[in-house]
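# Structural characterization, general
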Amino acid sequence: MIEDKKVSIILCFYNEEKYLAQAIDSVLAQTYHNFELIIINDGSTDGSDAIIKQYSDERIIYRINDENRRLAYSRNRGLELATGDYIGFFDGDDIMIPDKIARQVKYLDEHEDTIVVSGGYVYMDSEGYTDDKIVEPECLSDEQIRAYMLFGNCIAVGAALFRRKIIDNYKIRLDEKNKASEDYRFWVDVLPYGKFANINGVFYQYRINHGSKANLIVKSNVEVYDEEVKQILRDSWAARGFSIGEKDIEFIYYHLFEGRRTLNPRSVIQGMNTYRKIKGQSKQNKQKDKDLILKYYKRCWLRNYHIYWLLKRFTNIIGKRV
């Protein structure tokens, strides 16, 4: 494979001394060699700094934040340093599959109209044991991704690679006000400028259940996280030409994004009203992907109910009354 395209991997971390070496080693072991590894230490207080200083690979660029400034700030700092044609974000507790970069560079080279490519992953616990089940992306095409992004994030950040020219040309950066939903916000901001794609296959091992900082932030202030995501949803729907109210956003967030289950009749009625509104505006605005939008609405709603007769009843209601 011709390695004429340079790749920038931005690895940000905070107090990950237990896993950091594994993450760095997995990037350095890539079968694609034309890359730089930009490591941003977000003010760690553990032994992470000493671990990084053991590496002598000339492809490593290392910077330390003067204090803990959170993930969005750290990634933005990495973007300012990046010189690659393609860029990927990575976390200091995950493991990259050896041919991840090679496969995605090949895809972007062959699909010049695609600006972001992502894919699947597997879960990994605190001890490094991986789940047998691959988390494959449900939405593969650009059209599917655009429709689904109205209800949630279907781009796995650790599996993604994107073109630097997009963020340079349109001055896109991560929103540093967001504390735990910065990935979703970033992809929504990038979405208007080119095609997205998900491809099948595992691109990294995603570590969970070990007290990561992002999870701690969400748990410490759920209301802040809720409002962050609701604002992303408001902006996403407005950008697509929809005019939906706060009750609609509340329903979409709590029952479609978060997947909170309820048998409350008011909630069911609100869901039907929101669906009708979206369906009507889709026709009025001549949305090309209206069928997909409505499909994902129903799918996100109905998958939260495991009682078969209730699922069937809701399907019949939506089909007859909407």
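Scoring rules and cut-offs
- Residues numbered from 1 in each chain as written.
- Predicted model: local features only at pLDDT ≥ 70, side-chain atom pairs only at ≥ 80, totals over all residues.
- Heavy atoms only, no water.
- Helix = DSSP H or I, 4+ residues; strand = E, 2+ residues; numbered from the N terminus.
- Buried < 20%, exposed > 50% of the residue type's maximum accessible area, 1.4 Å probe, protein only.
- Contact = heavy atoms within 4.5 Å.
- 1 Å grid on protein atoms, 1.4 Å probe; cavity = no way out; pocket = protein on both sides within 12 Å on 5 of 7 lines; lining within 4 Å.
- Points joined across faces, edges and corners; volume = space filled by probe spheres on them.
- Nonpolar A, V, L, I, M, F, W, Y, C, P; charged D, E, K, R; others polar.
- Axes fitted to C-alpha atoms, helices over the stretch in contact; angles between N-to-C directions.
- Parallel < 35°, antiparallel > 145°, perpendicular 65-115°, else oblique.
- Core = buried A, V, L, I, M, F, W, Y, C linked by side-chain atoms within 4.5 Å.

Each helix and strand in the chain was counted, giving 13 helices and eight strands. Residues counted as buried form 52% of the 322 residues belonging to the chain. Intrachain contacts of the chain at a sequence separation of at least 6 include 79% that bridge at least 24 residues.

Moving on, we come to the layout of surface pockets. Considering only enclosed or pocket space, the second largest pocket measures out at about 230 Å³ in volume. The wall of the second largest pocket is formed by Arg-146, Met-149, Leu-150, Arg-185, Val-188, Asp-189, Leu-191, Pro-192, Asp-235, Ser-236, Ala-239 and Arg-240. Taken together, the elements giving at least two residues each to the lining of the second largest pocket come down to helix H7 (182-190) and helix H9 (222-239). Classifying every residue of the lining of the second largest pocket by side-chain character gives six nonpolar, one polar and five charged.

With that out of the way, let us pick up the packing of helix H11 (residues 265-284) against helix H12 (residues 290-302). Packed helix pairs are specified by the crossing angle of their axes together with the interaxial distance, meaning the distance between the axes. Between H11 and H12, whose axes approach to 10 Å, the crossing angle comes to 170 degrees. Here H11 lies roughly antiparallel to H12, going by the angle between them. Counting all contacts with H11, which are made through Val-268, Gly-271, Met-272, Thr-274, Tyr-275, Ile-278, Lys-279, Ser-282 and Lys-283, the residues of H12 involved are Lys-290, Ile-293, Leu-294, Tyr-297, Lys-298 and Trp-301. For the contact of H11 with H12, the per-class residue count stands at eight nonpolar, three polar and four charged.

Below, the discussion takes up the nonpolar core. In terms of nonpolar packing, the biggest core is built from 58 residues, with Phe-151, Phe-162, Phe-186, Trp-187, Phe-196, Trp-237 and Ile-278 touching the most fellow members. For this core, the leading source of residues is H12, giving seven residues. Once residues within four sequence positions are removed from consideration, Ile-278 is found in contact with Trp-237, Phe-242, Ile-244, Ile-252, Ile-293, Leu-294 and Tyr-297. One finds Phe-13, Ile-39, Ile-60 and Tyr-62 within the second-largest nonpolar core, a separate group that totals 33 residues.

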